[in-house]
Amino acid sequence: MPPEKEVAIEMVNISKVYPDGVLALDKVSLTIYKGEIHGILGENGAGKTTLMRILYGNIKPTGGKIKVFGKEVSFGSSKDAIKIGIGMVHQHPSLVPVFTALENIYLGLPSNFKEQVSLKELIERTGIKVPLEERIEDVSLGIAQKVEILKVLYRGAEILILDEPTTNMTVEEVKEFFSTLRNLKKMGKTIIFISHKLKEVLDITDNITVLRRGKVSGSLPTSQATPEELAKLMVGREVFLKLEKQGSRPGEKILRVEDLWVKRNDGSWAVKGVSFEVRYGEIFGIAGVEGNGQSELIEAITGLRRAERGKVFFKGENVTNAHPLKLYTMGLAHIPEDRQKTGLILDMSVAENSILGIHRKRDFLRPMMIFNENKIKEHVERLIQQYEIVVSKINAPARSLSGGNQQKVVVGREFSKTPDLIIASQPTRGLDVGATEYIRSLLLKMRNNGKAVLLMSSDIDEVMGLSDRVAVIYEGEFMGISETSSVSEKEIGMMMGGYKMGEIGIK
Amino acid sequence: MSLQLKLGERYKEILFSISEVALATLIGIGISAILIKAGGYSPTSAFFYLFKGAFGNLYGLYTSLSYSTPLMLTGLAFALSVRAGLFNIGAEGQVYIAALGAIIAASLALPSYLYLLAEFAIGIGLAVMWSLFAGILKVWKGVNEVVSTIMLNWIAYWVTEYSRSNIFYDPLSPDRTIRIPITGRLPILVENTQLYSGIFISLIVVIVTYVILWKTALGYEIRAVGLSPSASKYAGIKYSLVALEAFALSGLFAGIAGVMETIGRPPTYAIVTSLTNLVNLGFNGITVSLIGRNNPIGIIPASIFIGGLMAGATSMQIFAGVPLEMVQAVQGIIVMVLALPGIIRLIKSKIRRR
Ligand SMILES: Nc1ncnc2c1ncn2[C@@H]1O[C@H](COP(=O)(O)OP(=O)(O)O)[C@@H](O)[C@H]1O
Ligand SMILES: [Mg+2]
């Protein structure tokens, strides 16, 4: 870092104790230079959002100093922060869905607002193109995110805080989003990019500050960072990003899918004649860009959606369109894609959720279907301990858990069924490094113990890293099925884009 | 150690409920006061007698409790359906048809000790069947339960009214049916009041339902279906079965209410012209349920409150001289204002679940 670089923000010994006594930040110090993209990395709950809300004047620190462009500041509210050129795009979208992009940008401007550049000019200069007349509810999350950024820039922001902006974006959207950020950097804007995804932070930032449990655990230029080093700083211990995989010893077939056809809700074909099989002792991966029929395929196999044509065999028995209950009793477990709508009942307690689907198991019942609450308590406490689920009490509603902990409840419950085949859809989406590693290691252990795993994920690294064989789905058809070892990431990427395996020179 | 959200954590919610009810009552009273004033009567004296008639003395209290007896059950019928995600407003008709069942039993020549049993069996049987009509239409053909229960309510009304005037009328007093034989009646609890022993049955049913909903796999499935259809499907819960169970149970509750009102409440022990001794028991149950947040335990105080409103209305008519029509209007206004917050909550949660 050349010494003549101007310091944009200096935060010194910032602490924050929330009214309920949570020490969210403990003497955090941080320096951000003008014109850089500064990454703030940390697991869920590390304090990233808290730190940024303090910088934005949203909440007051319990202690510490903030300097912006050399001058000490003390914000009464975020209005003061906006005045000196700090803008923040929050983790959860804050646009009004029924208003158009344009209306949202103008919404809430102070009456004495004087624009520095016209919106049109701003769009031209930054290259952030959004359909201004479309309603926010009709545009993708990637576009909504851009609208938020425009809104902040229009208010004259020089320093941009982006709190986990890529959470809900597709791979393509992230790519485009990053080029926008690079553009803004060229214009001299300072950007604070918050994430718990190593890859993204390594890709886009100049400097990185890592937070762990409210403390800075490391601060380094991106050029000197490795994924292993960052993961270690985040989690506080050695993390194995590449899981050790022994050679597979696949056995008999456990699942066979034959020419399956499945419709979407709107009646169009989502899956058009897919065939494959999964064997004991292997992980079979299904890769693909989201929305290409993989969700419907999994739903049809697990009894949640009608298969219009074709057959599914499980352990040799024809289970096409069988009731989920039948599949469960035969030894299937399912980690569904949408944990909030399908995997959990958010308004029920953690304890109640821990028995969802196994609530009629004899262990949990007394005569007359009365719950044996002691047994259920034992069960949920075992899950909490084994899967390190952070939960205030077992009666807390599942809604009150963080996304990662919600997923752990689902995963723990499904593994507790001791299944022979586990179908895992996007099992680590939105999870931090520690939880991701843990869930992946569980899937590998299943396979090493001779059980079977069907893994559906749109994370190429995950599919490639875990699967023994991989299929790529595109517009409802398999582009190819291959041993993972004999296909490259690039080839998988091409198949995800619609090239058949034969067309790219793999037999 | 219980598994659902603890009562302790609900203190805030309970306090909030009470202040909500208080505020709604005030608003209701305010609107009604304008109406009473416009009609040329004194609002102060009207509301004085309303309160006095409801809880002002022992007699009023007993009357209020007697009115709460069927409301607890019809409230429960609605609450259980809501828990299962159903908007079942069929309790009204099921009350009529159950009352008819009790009269049918009374018309039979039976050994005297069998009347009570027969009244409950036939009355409840008919009510459950009535409720299951709507249930079967729902799970088999997807017919919206609001529509089907409204239609079934009207059918029940005319079937019962026709039977009253053409089949089971009392030749000595054709404005009502034959009366329940003395051995077929529920004992009175307090002499010279309308409070009959049915209130214990209501309380027991409410508590048992509470246990079913929160301590058994059956209740778990009912709540799961109501809270998240997609998650309950994933959990292997059979929606049609659970929905039918919910319809049957709410038919059972409304059935008990209808039978008890006929065989328990003095002095009539019969069904009278236009079913006036039964009308609105089901609909007022909806209000009771909404005030009680669709929770069996909340339904107990809610039903006593609405029961009091009904008891007080009579005294308002008698002592403050407010005409019956206006009393009914006042009652309607207060009930409606009271139900409003609950209705809004219900609609909101439906939308959120989309
Ligand atoms: N409004 C709040 N009240 C109490 N505790 C909070 C609040 N917001 C966050 N916390 C707690 O502070 C810690 C840091 O949270 P947060 O800043 O949101 O982390 P991150 O953004 O890194 O995921 C967590 O333990 C969280 O539970
Ligand atoms: Mg955050």
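Cut-offs used in this document
Residues numbered from 1 in each chain as written. Chains lettered and ligands numbered in written order. Predicted model: local features only at pLDDT ≥ 70, side-chain atom pairs only at ≥ 80, totals over all residues. Heavy atoms only, no water. Phe/Tyr/Trp six-rings, centres within 6.5 Å; stacked < 30°, edge-to-face > 60°. Helix = DSSP H or I, 4+ residues; strand = E, 2+ residues; numbered from the N terminus. Buried < 20%, exposed > 50% of the residue type's maximum accessible area, 1.4 Å probe, protein only. Pairing = 2+ DSSP bridges. Axes fitted to C-alpha atoms, helices over the stretch in contact; angles between N-to-C directions. Contact = heavy atoms within 4.5 Å. Domains from an automatic or database assignment. Buried area = accessible area lost by both parts, 1.4 Å probe. Salt bridge = Lys/Arg side-chain N within 4 Å of Asp/Glu carboxyl O. Polar contact = N/O pair within 3.5 Å; in protein donor to acceptor, adjacent residues only side chain to side chain. Core = buried A, V, L, I, M, F, W, Y, C linked by side-chain atoms within 4.5 Å.

(A) Molecular detail of the packing of aromatic side chains. Residues and elements named next belong to chain B. Enumeration according to the criterion identifies 18 aromatic pairs over all chains in this entry. Ring plane angle 70° and centroid distance 6.1 Å describe the contact between Trp 154 and Tyr 157, whose orientation is recorded as edge-to-face. Of the two residues, Trp 154 and Tyr 157 are both situated in helix H6 (residues 145-166); the distance of 3 residues between them amounts to about one turn of the helix. Assessed through its relative accessible area of 52%, Trp 154 is described here as exposed. Since its relative accessible area comes to 14%, Tyr 157 is described here as buried. Between the aromatic rings of Tyr 157 and Trp 158, the centroid separation amounts to 5.0 Å while the plane-to-plane angle is 85°, which identifies the pairing as edge-to-face.

(B) Local environment of the sheet that holds strand E6 (residues 86-89) of chain A. Residues and elements named next belong to chain A. Reading across the sheet, the 6 strands line up as E6-E7-E8-E3-E9-E10 and stay open at both edges, with mixed pairing between neighbours. Two strands close off the open sheet at either side, each with one partner strand: E6 and strand E10 (215-221). For this sheet the average axis-to-axis angle between neighbouring strands, irrespective of direction, equals 15°. The strands touched by helix H5 (residues 141-154) are E6 and strand E7 (159-163); relative to E6, the strand with the most contacts, the crossing angle is about 165°. Helix H8 (residues 227-235) rests against strand E3 (37-41), strand E9 (207-212) and E10 of the sheet, and its axis sits at about 35° to E9.

(C) Here's a closer look at the domain arrangement of chain A. Residues and elements named next belong to chain A. Taken domain by domain, chain A consists of domain 1 (7-235), domain 2 (251-331 + 421-507) and domain 3 (341-418). Computed from C-alpha coordinates alone, the two centres of domain 2 and domain 3 are separated by 26 Å. The interface is formed by 12 residues belonging to domain 2 together with 11 residues belonging to domain 3. Together domain 2 and domain 3 conceal approximately 880 Å² of surface at their shared face, both sides included; 77% is due to carbon and sulfur atoms.

(D) Seen up close, the interface of chain B and chain A. Counting residues at the interface gives 27 residues for chain B and 37 residues for chain A. Where chain B abuts chain A, roughly 2900 Å² becomes buried across the two surfaces, and 61% of that area is made up of carbon and sulfur atoms. For the pair chain B and chain A, the interface holds 3 salt bridges. Linking chain B with chain A are 15 residue pairs in polar contact (both at pLDDT 80 or more), by the criterion used here. Among the elements that make up the side of chain B that touches chain A, the one with the highest residue count is helix H8 (residues 217-227) of chain B (7 residues).

(E) Seen up close, the environment of Val206(B). All names here are of chain B. Relative to the assigned elements, Val 206 resides in helix H7 (residues 198-215). On the basis of relative accessibility, which here comes to 0%, the residue Val 206 falls in the buried class. A C-alpha to C-alpha distance of 36 Å links Val 206 and Ala 320, two positions 114 residues apart in sequence. The residues contacting Val 206, other than those within four sequence positions of it, are Met 72, Leu 76, Pro 296 and Ile 300.

(F) Just the sheet that holds strand E18 (residues 452-456) of chain A, in detail. Residues and elements named next belong to chain A. Read across the open sheet, the 6 strands follow the order E16-E17-E18-E13-E19-E20; overall the sheet is mixed. Looking at which strands have only one partner, the edges of the open sheet turn out to be strand E16 (332-335) and strand E20 (477-483). On average, each strand axis in the sheet is inclined to that of its neighbour by 15°, with strand direction left out of account. Contacts between helix H14 (residues 403-415) and the sheet are confined to E16 and strand E17 (421-425), with E16 contributing the most and set at about 175° to the helix. Against the sheet, helix H17 (residues 489-496) makes contact with strand E13 (283-287), strand E19 (469-474) and E20, and its axis sits at roughly 30° relative to E19, the strand it touches most.

(G) Examining the nonpolar core more closely. Grouped together as the largest cluster of nonpolar side chains are 137 residues, with contacts concentrated most on Leu255(A), Phe276(A), Leu297(A), Ile301(A), Leu421(A) and Leu454(A). The greatest single-element share of this core, amounting to 11 residues, is contributed by helix H10 (residues 239-264) of chain B. For this core, the two domains that each supply at least three residues are domain 2 (251-331 + 421-507) and domain 3 (341-418) of chain A. For Leu421(A), the contacting residues outside a window of four places in its chain are Ile254(A), Leu255(A), Val278(A), Phe314(A), Gly331(A), Leu332(A), Ala333(A), Met446(A), Ala452(A), Val453(A) and Leu454(A).

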